[in-house]
Structures are given as C-alpha cells and as structure tokens.
Amino acid sequence: MNKRIVSLIMAFVLIYNFTGCQKKEKNFNETLRVGVVTYTQDDPFINAMTQELKDNLKSMENDNFRIIVSEKNGDDSQRDQDEVVEEMIDAGCDIMCVNLVDRTAPGKIIKLARQNNIPIIFFNREPVKEDLMQWNKLYYVGCDAEQSGVMQGQIAADYIKANKNVDKNNDGKIQYVLLEGEAGHQDAISRTDCSVKTIINNGINLEKLSYQFADWNRGQAENRTTQLIDQYGNNIEMIISNNDEMAIGAVEAYKKSGYGEDEWPIICGIDGLNDALIAVKEGQMQGTVYNDKEDQSMEIAKLVVDIFKGNDLKKHNLDSGKYYVSQYKKVDINNVDDFISR
Ligand code: BGC
Ligand code: CA
C-alpha cells in the first residue's frame, strides 16, 4: 500500500516537473536566422539603417517565431566580405542581407548563396542587373539615385533663384565645388551628374571650381574643403555634396575657417541624417534629400520574413520581381521640422 502511494507521488512529481520544465522554456516552433553584412563598420548612414533593420526584425518575433540576427562587415574589402559571408553560411543562416563592398563583384557571394540555397537581399550598393538576374532568389532594396540628384539640384536652384546674394561676386555665375562619394558607386555617379544638370536646366549659370572625392566621409570632406578654402578663399559660392556626412565635413571646415556664416557658400547634402537636419534648421546647410532608411529597412525586414515563410511576394510590388525602389524626399527649411520629429 505504502509503496503504491510512494510511486504515485513520484510519478506525480515527475509529470509536474516535466510539464513545468516545458513551460519555463519558450517553445519556439520556428527560428529564422538572418545574416546582415555591411561594407564597413564606419558608415553612419549604413549603421543607422542596419540598426533600424534589426529593430524591425525584433518587432516581428512572436511566441512561436524567433528571429536571430547576426551582423558583420566586410572591412572595406570584397575579399574579406566574401569570406565573412561564407563563414556565416557555414555557421547556419537562412537568409542574408548584403551591402556589397564592391557592387560590381558579387560573383562569389551569389555562387555561395546558390550552392547553399540561401536567398540574398542586397541593399544600398546595387549590383548590376545581369548579376541580379543570375538566380531567382536574389533581390535588391534601394533607391533611384537619379531622383536624389534631381531633387538636390531643385533645392539648390530654388534657393539660388530666391536669394540673389548666393552669387557673392555678382558675376552672374555660381562658382561651385562638388564633393563626391566613392568612385564607381551608383549613387555618387548619378547624384553628381543629375544635380548639376538640374541646376543648369533651371537656367542657372555654373562655374565649376573643383570636384573632389571624399569617400562618403566627413573627415575626408573636411580636409578637402579646408584645402579648397585655402585655394579659393571666399570665392566658393556653392558646395554640392553626394551625401550629408561630407556636407557636414564642409560645414566643419567653414566653422574653423574664420569666415562668418553670411560669407559661407550654400551647402546641400543627401540622406537626411540627424546632424544634417539640424544644420538645415540652423541655416548652415540649405537642404538635403531624405534617403528613407526607415522605409528601406522595413521593406527588407518584411521581405526576409515573407521569403522565409514562403509567402506570396506579390504585395511587395517588386520591379521585375526583384527590385524595391524607395522614394527620396526633398528637405529644406520649410519642412525640416517634420523630419527632425520623425
Ligand atoms: C548614402 C551614403 C552612404 C552610401 C554607402 C549612400 O546611399 O547616401 O551616405 O555612405 O550610400 O553605400
Ligand atoms: Ca559668382
């Protein structure tokens, strides 16, 4: 009799512990492992965008669905990035989001992805179409670079037309400098081309003083601008920059130059990063073009989940079934507050 009671109690304890234990540990039915690889760890726009992406993916988890994100970068070398991708695939990964170092050289990564059947969403640094067409599980999320150049040109042209004093020496021409991102980057090429053309198409005479590559980078742009100020003194009337980080570099150079703000050239950027929005608000920059990182990272996150779950991708409205093109927005003193409060 006693033995029966003891074994009953033991059985009860066992069952209790077992179910208790099961309850304690969350029972995820599905786990999605996402690898995010950027071209460098030092790009403020890219870092803001990947942070947003990680937050979005976190918010898509639920009790039955876990999302694990691992993040690495290519340290500015395509060969290093290829290795990083290989390691991440070996370690176990369902989908990858890749911000290429060299957008013309995705061959190794595409090959690895196909061999292992890992879909890839490229973002921000756009592979050429032939590469993206190599396999049906390759996607691209980004923007239309020309649009940003046109918008930047419109902001500058409108400002120049409304403010005759931009032409400081009153010679009917705007003496300008262009700060360029990275040679070969789709955004640098099209932004440079389209912003200048747009200003000219608006009936404004331009005189080019200098084009300088500064690699998207604030520090490099500050150095270049300081050299240009040494060379041209007060004669620069406009600085067009392929991105905000470099535009802020130019602002920094002018802050240290000894020239009063009323003598500065007009300065326009692209991206809508916080520092630039504040500079627009304070009148140190005349405008920027919002590169919608929230929209792009939300699209990447949704794509990742839908691809993983095998959902219909129709609602994503992808061009050629592969491209998501986010819309740029003009920012100047009239609407900058809307973007600061975002
Ligand atoms: C952004 C730059 C960034 C670059 C990196 C561009 O779209 O405007 O700020 O450095 O992408 O690829
Ligand atoms: Ca002039």
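Residues numbered from 1 in each chain as written. Chains lettered and ligands numbered in written order. Predicted model: local features only at pLDDT ≥ 70, side-chain atom pairs only at ≥ 80, totals over all residues. Heavy atoms only, no water.

- For the protein, an unreviewed UniProt entry supplies the name D-galactose/methyl-galactoside binding periplasmic protein MglB and the organism Eubacterium album.
- Quoted verbatim from the Subunit (unreviewed entry) field of UniProt, the annotation for the protein is "The ABC transporter complex is composed of one ATP-binding protein (MglA), two transmembrane proteins (MglC) and a solute-binding protein (MglB)."
- Quoted straight from UniProt, the Subcellular location (unreviewed entry) entry for the protein says "Cell envelope". (UniProt positions renumbered as here; feature names shortened; annotations may be inferred.)

Things to note about the sheet that holds strand 11 (residues 323-326)
Then, number 1: Here we have six strands laid out as an open sheet, ordered 2-1-3-4-5-11, and parallel in their pairing. Since the sheet does not close on itself, it has two edges, and those belong to strand 2 (65-73) and strand 11, each with one partner. The average undirected angle you get between the axes of adjacent strands in this sheet is 15 degrees.
Then, number 2: Direction of pairing for strand 1 (residues 30-38) relative to strand 2: parallel, over a ladder of nine bridges. Each residue of the ladder has a partner; that of Val34, found in strand 2, is Val69. (Pairing = 2+ DSSP bridges. Helix = DSSP H or I, 4+ residues; strand = E, 2+ residues; numbered from the N terminus. Axes fitted to C-alpha atoms, helices over the stretch in contact; angles between N-to-C directions.)

Details of the packing of helix 6 (residues 145-162) against helix 7 (residues 186-201)
Then, number 1: Look at helix 6 against helix 7: their axes get within 7 Å of each other, and the N-to-C directions meet at 35 degrees. Here helix 6 runs over helix 7; the crossing is right-handed. In this structure, helix 6 uses Ala145, Glu146, Ser148, Gly149, Val150, Gln152, Gly153, Gln154, Ala156 and Ala157 to contact helix 7, whose residues at the interface are Gln186, Asp187, Ser190, Arg191, Cys194, Ser195, Thr198 and Ile199.
Then, number 2: Looking at the contact of helix 6 with helix 7 residue by residue, the classes come out as six nonpolar, nine polar and three charged. (Left-handed = near helix turned anticlockwise from the far one by under 90°. Contact = heavy atoms within 4.5 Å. Nonpolar A, V, L, I, M, F, W, Y, C, P; charged D, E, K, R; others polar.)

Considering the packing of aromatic side chains
Then, number 1: Here the structure, examined in full by the defined rule, presents five aromatic pairs.
Then, number 2: Between Tyr176 and Tyr211 the ring centres are 6.0 Å apart and the planes differ by 65 degrees, which places this aromatic pair in the edge-to-face class. With a gap of 35 residues between them, Tyr176 in strand 6 (residues 174-180) and Tyr211 in strand 7 (residues 206-213) connect regions that are remote in the sequence.
Then, number 3: By relative accessible area, Tyr211 is classed as partly exposed at 27%.
Then, number 4: Taking the centre distance of 5.0 Å and the plane angle of 40 degrees together, the rings of Tyr290 and Phe339 count as tilted. Residue Tyr290 is located in strand 10 (residues 288-290), and its partner Phe339 is located in helix 12 (residues 336-340); the two are separated by 49 residues in the primary sequence.
Then, number 5: You can call Tyr290 buried: its relative accessible area is 2%. (Phe/Tyr/Trp six-rings, centres within 6.5 Å; stacked < 30°, edge-to-face > 60°. Buried < 20%, exposed > 50% of the residue type's maximum accessible area, 1.4 Å probe, protein only.)

So, the environment of Ile160
Then, number 1: Take Ile160: it is sitting in helix 6.
Then, number 2: In the structure, Ile160 is positioned 106 residues away from Ile266 in sequence and 8.7 Å away in space, judged by C-alpha atoms.
Then, number 3: Beyond its immediate stretch of four places on either side in the chain, Ile160 contacts Val166, Ile174, Ile204, Met238 and Ile266.

Quick look at a negative patch on the surface
Then, number 1: Residues Asp42, Asp75, Asp76, Asp80, Glu83, Glu87, Asp90 and Asp215 make up a contiguous surface patch of negative charge.
Then, number 2: Note on Glu83: relative accessible area 43%, which makes it partly exposed. (Patch = residues over 30% accessible without salt bridge, like charges linked within 9 Å, V, L, I, M, F, W, Y side chains within 5 Å. Areas by Shrake-Rupley, 256 points an atom, 1.4 Å probe, with all protein chains shown as cover. Salt bridge = Lys/Arg side-chain N within 4 Å of Asp/Glu carboxyl O. Lys, Arg positive; Asp, Glu negative; His and termini not counted. Charge placed at Lys NZ, Arg CZ, Asp CG, Glu CD.)

With respect to the coordination of the calcium ion (ligand 2)
Tetrahedral metal sites with four donors have an ideal angle of 109.5 degrees; octahedral sites with six donors have ideal angles of 90 or 180 degrees.
Then, number 1: Distances from the calcium ion (ligand 2) to its protein donors, namely Asp167 (OD), Asn169 (OD1), Asp171 (OD), Lys173 (O), Gln175 (OE1), Glu237 (OE) and Glu237 (OE), fall within the range 2.2 to 2.5 Å.
Then, number 2: Spacing between the donor residues of the calcium ion (ligand 2) along the chain follows D-x1-N-x1-D-x1-K-x1-Q-x61-E. (Donors = N, O, S within 2.8 Å, 3.2 Å for Na, K, Ca; no water.)

Points about the nonpolar core
If you look at soluble globular proteins, the nonpolar side chains tend to sit buried side by side.
Then, number 1: Within the largest apolar cluster, 56 residues are counted, with the highest numbers of intra-cluster contacts made by Met285, Ile300 and Val304.
Then, number 2: No other element matches the seven residues that helix 9 (residues 244-257) contributes to this core.
Then, number 3: In this view, Ile300 contacts Met49, Leu53, Cys97, Ile121, Phe123 and Val141; residues no more than four positions away in its chain are not counted. (Core = buried A, V, L, I, M, F, W, Y, C linked by side-chain atoms within 4.5 Å.)

Focus on the site of ligand 1
Then, number 1: The environment of ligand 1 is made up of Tyr39, Asp43, Phe45, Asn124, Arg125, His185, Asp187, Arg191, Trp216, Asn243, Asp271 and Asn291.
Then, number 2: A distance of 2.5 Å is found between an oxygen atom of ligand 1 and a side-chain nitrogen or oxygen belonging to Asp271.
Then, number 3: Protein burial of ligand 1: of its 310 Å² of free accessible surface, 99% is covered by the chains.
Then, number 4: A breakdown of the residues in the shell around ligand 1 according to their chemical character gives three nonpolar, four polar and five charged. (Near = heavy atom within 4 Å. Polar contact = N/O pair within 3.5 Å; in protein donor to acceptor, adjacent residues only side chain to side chain.)

Describing the environment of Asn317
Then, number 1: Residue position: Asn317 is located in the loop between helix 11 (293-309) and strand 11.
Then, number 2: Once the C-alpha coordinates of Asn317 and Asp262 are considered, the two residues, 55 residues apart in sequence, prove to be 47 Å apart.

Re the pattern of salt bridges
Then, number 1: Taken as a whole, this structure holds 17 salt bridges when the rule is applied.
Then, number 2: Between Lys108 and Glu86 there is a salt bridge whose closest N-O contact spans 3.8 Å. Here the residue Lys108 occupies a position in helix 4 (residues 107-116), and Glu86 occupies one in helix 3 (residues 78-91), the gap between them amounting to 22 residues.
Then, number 3: Taking the relative accessible area as the measure of exposure, Lys108 reaches 41% and is therefore partly exposed.
Then, number 4: A residue is classified by how much of its surface remains accessible, and Glu86, at 31% relative accessible area, is partly exposed.
Then, number 5: Between Lys173 and Glu207 there is a salt bridge, with the nearest N and O atoms lying 3.7 Å from each other. Taken together, the positions of Lys173 in the loop between helix 6 and strand 6 and Glu207 in strand 7 put the pair 34 residues apart, joining distant regions of the chain.
Then, number 6: Look at Lys173 and you get partly exposed, because its relative accessible area is 34%.
Then, number 7: Given the relative accessible area of 29%, Glu207 is considered partly exposed.
Then, number 8: Because the salt bridges share partners, they merge into one network encompassing Asp292, Lys293, Glu294, Lys329 and Arg342.

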